[in-house]
Amino acid sequence: MEFALNTSLNLGTMLIPEPIQADFPWLSLSILFPIFGALIVPFIPDKGDGKEVRWYALIIALITFLITVAAYFKGFDPSQEGLQLYEKVSWLPDLGLTWSVGADGLSMPLILLTSFITSLAVLAAWPVSYKPKLFFFLILAMDGGQIAVFAVQDMLLFFLAWELELFPVYLFLAIWGGKKRQYAATKFIIYTAGSSLFILLAGLAMGFFQGGGIPDFGYTHLAQQNFGKGFQLLCYAGLLIAFGVKLPIVPLHTWLPDAHGEATAPVHMLLAGILLKMGGYALLRFNAQLLPDAHAQFAPLLIVLGVVNIIYAALTSFAQRNLKRKIAYSSISHMGFVLIGIGSFSSLGTSGAMLQMVSHGLIGASLFFLVGATYDRTHTLQLDEMGGIGQNMRIMFALWTACAFASLALPGMSGFISELMVFVGFVTDEVYTLPFRIVVASLAAIGVILTPIYLLSMLREIFFGKENVKLISKAKLVDAEPREIYIIACLLVPIIGIGLYPKIMTDTYISSIDGLVKRDLLAVERIRSDQATIISNTNLSIGTIEAPLLD
């Protein structure tokens with residue numbers, strides 16, 4: 001570590017390898033294909049019930065998923081730390097804006113997750129019959145926009161992708177939402193669009209940092225800049241607010257339960273499976289990678305916020321009687337582990353945060369899809385009005401049980417291994433003092449204990465207990481359909497696969513995580529060295545002043 005500090009004059013150059021150019025524009029194709037596919041939706045002959053357009057949307061989504069899979073197998077080497085599949089085309093040269101896309105270990109798993117979840121969300125939207133063309137147009141456009149968020153390598157382009165991705169969600173909530181859909185949609189856009197102004201301000205400040213000439217907003221360029229500590233702290237604070245809303249971090253979380261409370265099943269899947277992961281990814285990409293000195297000082301705050309997320313959201317979820325809001329607060333609680341992992345300075349802990357994002361994307365999508373399927377049958381979300389439907393819906397109960405076990409981190413499923421990696425990684429992180437690690441681990445364990453309590457009690461209230469005669473007599477309690485079984489099976493396969501053999505996923509990003517953690521550890525050492533120098537100089541000054549007095 002000391003050798004690296006002494007011999008490195010440019011920290012960014014040493015730790016950020018040069019991008020590897022793409023032989024084929026896989027990432028541009030994965031972004032633009034679903035967007036252009038969405039533009040064709042209005043011209044598809046359709047009788048108004050959506051039967052034709054939904055097949056078209058499913059084909060486009062599946063092809064997009066295959067494109068991302070091909071990009072991974074044809075052009076991505078997990079052993080490489082830096083950017084791969086890199087493409088750069090000058091777009092607006094006078095503004096310094098370029099079409100720059102690429103993938104490394106931080107982005108590639110989330111690109112695959114995005115296209116995978118979107119394909120299943122299209123299938124989950126099969127029953128949509130109100131304005132089907134607009135619905136599937138938005139879901140395809142959102143597919144390309146969300147892939148762009150993870151793939152672009154230019155901060156100004158990232159801001160544009162971040163903003164454009166918000167409008168489909170707003171329309172999903174405002175048009176297809178529940179009774180309070182306008183309130184939920186307005187609150188969502190105010191929180192997310194308002195906070196994203198910090199991304200624009202920070203991006204412009206970093207791009208124009210050197211002053212004069214044409215700005216450069218490329219991630220690789222920004223990572224090589226010698227930003228001052230005060231500048232880094234200011235940018236970090238603004239970005240933490242912007243990404244904290246999307247993650248979400250308590251107390252910036254209140255839009256999420258309202259949005260989930262009014263959304264439909266496919267929109268739930270996109271929100272829980274992809275949207276929240278954008279916040280965690282951005283914290284890793286910008287706060288931890290581009291602003292290492294500020295991250296070294298903000299990391300303890302991230303740890304504390306993660307603990308607050310875990311405990312507060314778990315207790316709130318426990319008290320919820322609305323099924324959607326219960327699962328929504330559960331999601332907020334699980335994202336607290338992501339914050340703890342990002343705040344740790346160990347490869348294991350940060351790797352656990354990355355795995356938790358992927359794991360929760362799969363688990364959250366499965367739970368919210370089941371919430372929608374259950375509501376379609378019972379026409380209620382109140383747990384007090386449910387009960388005794390297990391005899392009529394045995395397969396549905398089995399699906400609910402499997403997904404709930406995954407969410408409560410049952411050994412053998414992805415949730416267990418990701419949370420265990422975060423715990424072990426943080427507890428063994430010697431950057432923090434032992435008492436701090438013990439207190440944080442003890443408090444976070446409260447959430448781990450509460451999660452199975454509220455999830456298992458939720459299953460009992462839905463499927464067992466006293467039968468609601470009125471519900472059973474009036475509701476059409478048919479068991480799970482083949483389409484629904486297929487969607488949950490597609491989600492459970494990677495959940496169990498990662499749980500049994502996590503290297504399937506961790507090997508895709510471990511090189512990038514190691515490079516990121518080394519960069520942050522160097523920042524910690526540099527800060528400690530500066531503090532030691534200040535203390536030493538202060539002692540010398542005191543000694544110089546006091547010497548004559550001693551004589």
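Coordinates for the structure precede this section.
Scope of this entry: the structure provided in the associated data block. (Residues numbered from 1 in each chain as written. Predicted model: local features only at pLDDT ≥ 70, side-chain atom pairs only at ≥ 80, totals over all residues. Heavy atoms only, no water.)

**Focus: unusual backbone geometry**
Phase 1 of the analysis: In this structure, the amide linkage connecting Leu-247 to the following residue, Pro-248, adopts the cis form with an omega of -5 degrees.
Phase 2 of the analysis: Among the secondary structure elements, Pro-248 is positioned in the loop between α12 (229-246) and α13 (255-262).
Phase 3 of the analysis: Of note, the bond from Val-250 into Pro-251 is cis; its omega dihedral lies within 30 degrees of zero at 15 degrees.
Phase 4 of the analysis: By the element assignment, Pro-251 lies in the loop between α12 and α13. (Helix = DSSP H or I, 4+ residues; strand = E, 2+ residues; numbered from the N terminus.)

**Some words on the packing of aromatic side chains**
Phase 1 of the analysis: Applying the stated rule across the entire model yields 27 aromatic pairs.
Phase 2 of the analysis: Where Phe-158 meets Phe-243, the ring centres are 6.4 Å apart and the plane angle is 85 degrees; that geometry is what we call edge-to-face. With Phe-158 in helix α7 (residues 155-164) and Phe-243 in helix α12, this pair connects stretches of sequence that are 85 residues apart. In this structure, Phe-158 and Phe-243 share a single accessibility class: buried.
Phase 3 of the analysis: Between the aromatic rings of Phe-208 and Phe-217, the centroid separation amounts to 6.1 Å while the plane-to-plane angle is 80 degrees, which identifies the pairing as edge-to-face.
Phase 4 of the analysis: Overall, Phe-217 belongs to the buried group, its relative accessible area being 1%.
Phase 5 of the analysis: Through a chain of ring-to-ring contacts, three or more aromatic side chains come together here, namely Phe-158, Trp-162, Tyr-219, Phe-243 and Phe-286.
Phase 6 of the analysis: Sitting over the ring of Trp-162, Lys-246 keeps its end group 3.9 Å from the ring centre. (Phe/Tyr/Trp six-rings, centres within 6.5 Å; stacked < 30°, edge-to-face > 60°. Buried < 20%, exposed > 50% of the residue type's maximum accessible area, 1.4 Å probe, protein only. Lys NZ or Arg CZ within 6 Å of the ring centre and 35° of its normal.)

**Let's talk about the nonpolar core**
Phase 1 of the analysis: Of all hydrophobic cores here, the largest spans 169 residues; its most connected members are Phe-158, Phe-243, Met-269 and Trp-400.
Phase 2 of the analysis: Looking at this core, the element that brings in the most residues is helix α14 (residues 265-290), giving 17 residues.
Phase 3 of the analysis: Not counting residues up to four positions away in its chain, the partners in contact with Phe-243 are Phe-158, Trp-162, Ile-199, Gly-279, Ala-282, Leu-283, Phe-286 and Asn-287.
Phase 4 of the analysis: Membership of the second largest hydrophobic core comes to 17 residues, among which are Ile-311, Phe-337, Ile-340 and Val-422. (Core = buried A, V, L, I, M, F, W, Y, C linked by side-chain atoms within 4.5 Å. Contact = heavy atoms within 4.5 Å.)

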